[in-house]
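# Architecture at a glance
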Amino acid sequence: MMRRKLKVAVFKFASCSGCQLQILNMEDELLTLTDAVEFTYFLEASRATAPGPYDVAFIEGSISTPEQEELVRRVREESRILVAMGACATAGGIQALRNWLRLDDVKRAVYPNPEWVKALEHSKPVAEVVKVDYELRGCPVSKERLLSFIKQVLVGRKPYLRREALCMDCRRKGNVCVMVAKGIPCLGPVVQEGCGAICPTFGRGCYGCFGPSIDARPEALASRLREVGMKDRDVARLFKGFTGWSEKFRKVINELEGGAR
Amino acid sequence: MVSGGIYSGKFGELRKLFNALRLRGYRVIAPKLEDGVIRLKEVTSFDEVPYGWEDIQAPGKYSVREGGKHFRHGPDAPKRILYPPRLELFRLRPDWSVEYPKERFPPTALFAIKPCDLASISVMDRVQGGIGDPYYLALRKKLIIIVENCVEPGATCFCSTMGTGPEARDGFDIAYTRLDDNLVVFRPGSDLGVELLSELNIEPATDEVLRKYYDALKNASLKAKAPFELERLPDELELGLNSPVFKEVAERCFGCAGCNMVCPTCFCFDVIDEPELDGGAVRVRVWDGCFSYTYAEVAGGNFRKDLWARYRHWVLHKFAYWVRQFGVFGCVGCGRCITWCPAGIDLRETIKSVVEWVRSRGGG
Ligand code: SF4
Ligand code: SF4
Ligand code: SF4
Ligand code: SF4
């Protein structure tokens, strides 16, 4: 098919590179993909870079320093479609655990020369700094969803990816609900589908790496977990793990911890 | 010689029946214990059917124990087989010609399913069958059904109220009932059922066996009851549209749509077109449900933005609108949405409370 190649850029901010690796992990599709897509900026894959503008920019990582804030603003200006990719970019990531602590304390605990470290008060999702057009969730992001997203952009349609509760996919898949059958706490009822219910498939509860589903009611899940005997502290921890800084989970965590933030 | 009527035989005759189905080339799908849960799966040996096991069900809770006499249905309903959760409808080739999937369903026997699940198939016959869903009908016409009547309903069952059990009325090929460890009552429900039963070593049931049989089913039917009656229920529920009960219950609900997924009659679906890199595409049908937020979303708005409105819609569809739409209730009383709700919400209590609210205001 004759069409201009889609110019795609992949940028890394505060993150582990796991999401970018998912792009390189698309081994079977990568060759066909590069017929239609040109990765003009993707340091994990190639040193060669070309300047913007970009059709699609995938942002991996949270915004954690003043320089990152600056850079992501520039990327926004250069990009037609900006996609926040993964738990860090969409919810602040695991590193957002520090948002509940005092920045100075954290710096001192980690670095021998804390005064050299310039960091923002919070590890922030990209959407707190610039406008995000689409979110691809997960820690790491799902390869299937990523590919589906790119294919949909390629045919020129508005990408459609379901954003309902993980439970729907879990049950479609034929998993037995671990909450009901094993009494294992699971965030699936309030977490966005997309991973294929990996954790319940292996008999454990979802720990929320895809973040809140479209109309999530984490407060209802939190009361249920308390009702069946979980301590407030443990419920808060469960929500905190991967996407705790997402607005919806943050609210529940703060209520459980009795603090205000 | 077997004709219509009621027969009895030993437990071993069930094994013979199972083997006869396999010999005739049926894929047999039956209850099967897997990782502490009774599933509905293909089984190749009669010994895989969990006779001697019992499930314990309560709102939001499920477990099994060995040594019980009777098992009930687990989370999987026949819907999973007849109306698969994810089904490729067709492929579009790069030249835009359409390729339909080839026949992919072998002749199938559902063995030892429960009367509520049998009833759910007849509901599906009206809904999916009624609109002529070719994917459903292709499977349905190859299906034979051996149903096990329930002598011991579970704690979340209310088939008796819904009139769907604990004894199967019609729509089966064979119905059997385990009265005790070594006494099984058989009833044919079709010509094929008669033919299959003719191969077994069974006798017309004696008066004593018949008495036992009717007693057992009568006892069972006293158990599988919900705290409401069907008479006038659709009208009463519609009068209860503004009842605060829906909002109260929805406070506890997660909106996870787990109930939609496990319900044997919930038929809603989403259609997803997945473009391929070569210029083709695949059209896929996946289960959806009215609890999901996007379900009633349209350009410019959402008919049921609030979860309580979605919860209310679900209850009313099952117990009021369905009756007007399809002439039957949309609920067969299997209790799956109660047992498998991670929030432990009990549909029976919701209905009871709404009806009480309506009556307390002089309605109904
Ligand atoms: S295991 Fe978790 S995700 Fe799966 S149905 Fe249960 S609560 Fe939902
Ligand atoms: S089940 Fe939950 S934690 Fe596990 S991969 Fe999926 S979204 Fe992430
Ligand atoms: S009633 Fe239960 S299973 Fe259904 S959506 Fe609410 S929480 Fe989920
Ligand atoms: S509404 Fe609940 S009890 Fe009724 S058929 Fe569906 S899952 Fe079973």
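Because the structure is predicted, anything quoted here is derived from the model rather than measured.

## Brief notes about the overall build of chain B
For chain B, the count of helices and strands is 13 helices and 16 strands. Scaling as 2.2 N^0.38, a compact globule of 364 residues should have a C-alpha radius of gyration of about 21 Å, and chain B matches this with 22 Å. For chain B, the spread of C-alpha atoms along the three principal axes comes to 65 × 65 × 35 Å. With 364 residues in all, chain B has 59% of them scored as buried. Relative to all contacts within chain B whose residues are 6 or more apart in sequence, the contacts with residues 24 or more apart total 72%.

## So, the interface of chain B and chain A
Counting from both sides, the interface comprises 46 residues of chain B and, opposite them, 34 residues of chain A. Our count for the chain B to chain A interface comes out at six salt bridges. Of the charged contacts, one joins D270 of chain B and R162 of chain A as a salt bridge, the two residues approaching to 2.8 Å between their closest N and O atoms. Linking chain B with chain A are 20 residue pairs in polar contact (both at pLDDT 80 or more). Among the elements of the structure, β3 (37-42), β5 (61-66), α9 (245-252), α10 (258-262), β13 (269-275), β14 (281-287) and α11 (307-326) of chain B are those that each provide at least two residues to the side of chain B that touches chain A. Sort the elements by how many residues they give to the side of chain B that touches chain A and β13 of chain B lands first, with five residues. Class assignment of the residues belonging to the side of chain B that touches chain A gives a composition of 24 nonpolar, eight polar and 14 charged.

## Structural notes on the site of ligand 3
All names here are of chain B. Around ligand 3, the structure places C253, F254, G255, C256, A257, G258, C259, F291, C341, P342 and A343. Under a 2 Å grid-point criterion requiring more than half of the atoms, the pocket assigned to ligand 3 is the largest cavity. Its residues assigned to classes, the shell around ligand 3 shows nine nonpolar, two polar and no charged.

## What about the domain arrangement of chain A?
Many analyses report the size of an interface as the accessible area lost when the parts associate. Residues and elements named next belong to chain A. By the assigned domains, chain A splits into domain 1 (6-154) and domain 2 (166-257). When each unit is reduced to the centre of its C-alpha atoms, the spacing between domain 1 and domain 2 is 25 Å. Facing the 18 residues of domain 1 at the interface are 18 residues of domain 2. Buried surface at the junction of domain 1 and domain 2, both sides included, amounts to about 1,500 Å², of which 60% is carbon and sulfur. Considering only the side of domain 1, the residues that lose the most area to domain 2 are W100, R137 and R145, jointly responsible for 46% of the buried surface there. The interface formed by domain 1 and domain 2 includes one salt bridge. In this structure, R250 and E128 form a salt bridge, with 3.4 Å as the shortest nitrogen-oxygen distance. Linking domain 1 with domain 2 are four residue pairs in polar contact (both at pLDDT 80 or more), by the criterion used here. Its residues assigned to classes, the side of domain 1 that touches domain 2 shows nine nonpolar, six polar and three charged.

## Comments concerning empty space enclosed by the protein
Once rolled over the atoms, a probe with the size of a water molecule shows which space is left empty. All names here are of chain B. Under the definition given, this model contains seven cavities of 30 Å³ or more. There is about 160 Å³ of room inside the largest cavity. Lining the largest cavity we find 16 residues, and of these C253, C259, F291, C341 and I345 sit closest to its centre. Secondary structure elements with two or more residues in the lining of the largest cavity: α10 and α11.

## Things to note about the packing of helix α11 (residues 232-240) of chain A against helix α12 (residues 247-257) of chain A
Residue and element names in this part refer to chain A. With their axes 9 Å apart at the nearest point, α11 and α12 run at an angle of 160° to one another. Compared by their axis directions, α11 and α12 come out roughly antiparallel. Judged by the sense of rotation from one axis to the other, the crossing of α11 with α12 is left-handed. Along its contact with α11, which presents D232, V235, A236, F239 and K240, the element α12 presents F249, V252, I253, L256 and E257.

## Let's talk about the nonpolar core
Counting 138 residues, the largest nonpolar core has F239 of chain A together with F111, F186, W314 and F319 of chain B as the members making the most contacts within it. Examining the composition of this core, we find that nine residues originate from one element, α11 of chain B, more than from any other. Those residues in contact with W314 of chain B that lie beyond four places of it in its chain are C259, N260, C266, C290, F291, C337 and L347 of chain B.

## As for the sheet that holds strand β5 (residues 134-136) of chain A
Residue and element names in this part refer to chain A. Taken in spatial order, the five strands of this open sheet run β2-β1-β3-β4-β5, and their pairing is parallel. The open sheet has two free edges, formed respectively by β2 (37-42) and β5, since each of these has just one partner strand. Neighbour to neighbour, the strand axes of the sheet diverge by 25° on average, direction disregarded. Here strand β1 (residues 6-12) runs beside β2; their pairing, made up of five bridges, is parallel. Bridge pairing in β2 links V10 to F42. Packed on one face of the sheet, helix α3 (residues 66-78) meets β1, β3 (54-60) and β4 (79-85) and runs near 135° to β4. Helix α6 (residues 143-154) contacts β1, β2, β3, β4 and β5 of the sheet and is inclined by roughly 165° relative to β3.

## Overview of the packing of aromatic side chains
Residues and elements named next belong to chain B. Considering all chains together, one arrives at 28 aromatic pairs over all chains under this definition. The interplanar angle of 80° and the centroid separation of 6.4 Å between the aromatic rings of F46 and F111 together place this pair among those described as edge-to-face. Taken together, the residues F46 in the loop between β3 and β4 (53-58) and F111 in strand β8 (residues 108-113) connect sequence positions 65 residues apart. We note that F46, like F111, is buried. Relative to F326, the ring of F267 has its centre 6.1 Å away and its plane inclined at 90°; by these criteria the two rings are edge-to-face. Of this pair, F267 sits in the loop between α10 and β13 while F326 sits in helix α11; the two residues are 59 residues apart in sequence, bridging distant segments of the chain. Of the two residues, F267 and F326, both sit in the buried class. In this structure an aromatic cluster arises from ring pairing among F11, F18, F46, Y51, F71, F111 and Y176.

Calculation rules
- Residues numbered from 1 in each chain as written.
- Chains lettered and ligands numbered in written order.
- Predicted model: local features only at pLDDT ≥ 70, side-chain atom pairs only at ≥ 80, totals over all residues.
- Heavy atoms only, no water.
- Helix = DSSP H or I, 4+ residues; strand = E, 2+ residues; numbered from the N terminus.
- Rg over C-alpha atoms; globule rule 2.2 N^0.38 Å.
- Buried < 20%, exposed > 50% of the residue type's maximum accessible area, 1.4 Å probe, protein only.
- Contact = heavy atoms within 4.5 Å.
- Salt bridge = Lys/Arg side-chain N within 4 Å of Asp/Glu carboxyl O.
- Polar contact = N/O pair within 3.5 Å; in protein donor to acceptor, adjacent residues only side chain to side chain.
- Nonpolar A, V, L, I, M, F, W, Y, C, P; charged D, E, K, R; others polar.
- Near = heavy atom within 4 Å.
- 1 Å grid on protein atoms, 1.4 Å probe; cavity = no way out; pocket = protein on both sides within 12 Å on 5 of 7 lines; lining within 4 Å.
- Sits in = over half its atoms within 2 Å of the grid points.
- Domains from an automatic or database assignment.
- Buried area = accessible area lost by both parts, 1.4 Å probe.
- Points joined across faces, edges and corners; volume = space filled by probe spheres on them.
- Axes fitted to C-alpha atoms, helices over the stretch in contact; angles between N-to-C directions.
- Parallel < 35°, antiparallel > 145°, perpendicular 65-115°, else oblique.
- Left-handed = near helix turned anticlockwise from the far one by under 90°.
- Core = buried A, V, L, I, M, F, W, Y, C linked by side-chain atoms within 4.5 Å.
- Pairing = 2+ DSSP bridges.
- Phe/Tyr/Trp six-rings, centres within 6.5 Å; stacked < 30°, edge-to-face > 60°.

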